[in-house]
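# Tertiary structure, described
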Amino acid sequence: MLKLLTSIPLYQSMRRIGRPRLLPLNLTVSVTYRCNSRCLTCNVYDRKADEFTVDEFDRTFASMGRTPYWFTMSGGEPFLRTDLVDICESAWRRTRPAIINIPTNGILTDRIPAMVEDIAGRCRGAQVIINLSLDEVGERHDVIRGVPGNYEKAINTYHALRNLKAPNLTLGIHTVISVHNVGRLPEIYKHITKQLAPDSYITEIAEERVELETIGSGVTPAPGDYAAAVDFLTARLHEQQFRGISRVTQSFRARYYDLVKRFLDEHRQIIPCYAGFASGQIAPDGDVWFCCIEARSVGNLRDSGYDFPAIWFGEKARALRERVRTGGCSCPLANAGYTNMLMHVPTLVSVGWEIATRRSPGGKR
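Keep in mind it's a predicted model, so treat the numbers as computed, not measured.

Another point: the overall build of the protein. Along the protein, the regular secondary structure elements total 13 helices and 9 strands. Over its C-alpha atoms the protein spans a radius of gyration of 19 Å, differing by no more than 12% from the 21 Å that the globule rule assigns to 365 residues. Its C-alpha atoms give the protein principal-axis dimensions of about 50 × 45 × 40 Å. Within the protein, the fraction of its 365 residues that count as buried is 58%. A fraction of 76% describes how many contacts in the protein between residues 6 or more apart in sequence connect residues 24 or more apart. In the protein, the 46 positive side-chain charges and the 39 negative ones have mean positions that sit 8 Å from each other.

Set out below in structure tokens:
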């Protein structure tokens, strides 16, 4: 954690003057576009890619040194990759991240728990976070996700994961807030937290992304509807006590909700964006993006001999980095948003103060 905090002024300097040259501390790795869901909020399964092999990921990770602090192994549905355990192990062995985060729809009950147990065992020095997606309750969830029986399978997967004996495993629930469920967020939240008691409950606003092929889809809720939903969630956050890393995550989450509310009204960078500076993404075919909203490639790793720094510090990246720095794009993307808040001193101080002064579950500060 100390290494992470001491890197903040360095990234701030990189954003201001281009020096020092740093690799991203928050890296999303999309391991596949394939998905066994057919969500109303996502069409990523329509995308095709010549997917990276484990060896290609390994060569890429080897070029990064020990920079990434937080990996997100994303999709599509990541667990459709039968070699996901090997990919995660490679990321851990090569870069030693503190966190490996994996979202999942939970459909593959016969596969996910064993793979998660294996990942947690092979990556013992990392906190492994599994965020299981539930956008509604019962058949309503199945309608949004486009798969009959999805909810039941996800619940079975959740319970199997909860029974794992892995001290470095955090199990959360993730809900995408869209036009299809925004009015029912209080009911969804109450049911999920009462029935499942997850380590964390997080939400993300449905966005029109190039990556998801949802441009023009109208999935984003109206500003007033979203504000009402997250105001309810924020109030619940202030009533609860979380443990470990979830305390930090939930404190940042409340501030993310406020940032998204402001973005929906103002459509600009509310705080400086660090996509292309402290956060980035690798697509399943090796394209390097700053983020998935516009999915603009700054180079392909196969063309660079799997040399990530060569692309990250290349001419295309420098040009796009300047566009980000001057506010030429804006979005409410949660993954990048966490990094942006970490780099924003007023937000960081506010989160630190809240964590220091709130009582722990045992009644101690």
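Still to come is the rest of the account.
Within strand β3 (residues 99–104), 5 of the 6 residues are buried, which leaves it mostly tucked inside the rest of the structure. As paired strands, strand β2 (residues 70–74) and β3 are joined by 3 bridges and run parallel to one another. Paired with W70 across the two strands is I99, which belongs to β3. Between the parallel pair β2 and β3, the chain is carried across by helix α3 (residues 84–95), and the sense of this crossover is right-handed. Judged from the 6 bridges that link them, β3 and strand β4 (residues 127–133) form a sheet pairing that is parallel. The residue bridging I99 from the neighbouring strand is Q127, located in β4.

Given a rise of 1.5 Å per residue, 12 residues ought to cover 16 Å, and the 16 Å separating the end C-alpha atoms of α3 matches this to within 8%. Those residues of α3 lying buried are L84, V85, I87, C88, S90, A91, W92 and T95. One or two steps after α3, the chain reaches R96, where phi turns positive at roughly 55°.

Let's shift gears to the packing of aromatic side chains. For the coordinates displayed, the defined rule picks out 12 aromatic pairs. Centre to centre, the rings of F52 and Y306 are 5.7 Å apart; their planes meet at 65°, and the pair counts as edge-to-face. Of this pair, F52 sits in the loop between β1 (26–30) and α2 (54–62) while Y306 sits in the loop between β9 (297–300) and α10 (308–312), placing them 254 residues apart in sequence. Judged by relative accessible area, F52 falls into the buried class, the value being 1%. Of the residues examined, Y306 reaches a relative accessible area of 11% and is grouped as buried.

Attention now moves to the sheet that holds β4. One open sheet holds the 9 strands; their spatial order is β6-β5-β4-β3-β2-β1-β7-β8-β9, and the pairing between them is mixed. What marks the edges here is a single partner per strand, and that holds for β6 (200–205) and β9. On average, each strand axis in the sheet is tilted by 25° relative to the strand beside it, whichever way the strands run. Looking at chain direction, strand β7 (residues 279–282) and strand β8 (residues 287–289) are connected through 2 bridges and run antiparallel.

Cut-offs applied
- Residues numbered from 1 in each chain as written.
- Predicted model: local features only at pLDDT ≥ 70, side-chain atom pairs only at ≥ 80, totals over all residues.
- Heavy atoms only, no water.
- Helix = DSSP H or I, 4+ residues; strand = E, 2+ residues; numbered from the N terminus.
- Rg over C-alpha atoms; globule rule 2.2 N^0.38 Å.
- Buried < 20%, exposed > 50% of the residue type's maximum accessible area, 1.4 Å probe, protein only.
- Contact = heavy atoms within 4.5 Å.
- Lys, Arg positive; Asp, Glu negative; His and termini not counted.
- Charge placed at Lys NZ, Arg CZ, Asp CG, Glu CD.
- Pairing = 2+ DSSP bridges.
- Right-handed = clockwise from strand over helix to strand, strands pointing away.
- Expected span 1.5 Å × (residues − 1).
- Phe/Tyr/Trp six-rings, centres within 6.5 Å; stacked < 30°, edge-to-face > 60°.
- Axes fitted to C-alpha atoms, helices over the stretch in contact; angles between N-to-C directions.

In short, the description is geometric, and any link to function would need to be established separately.
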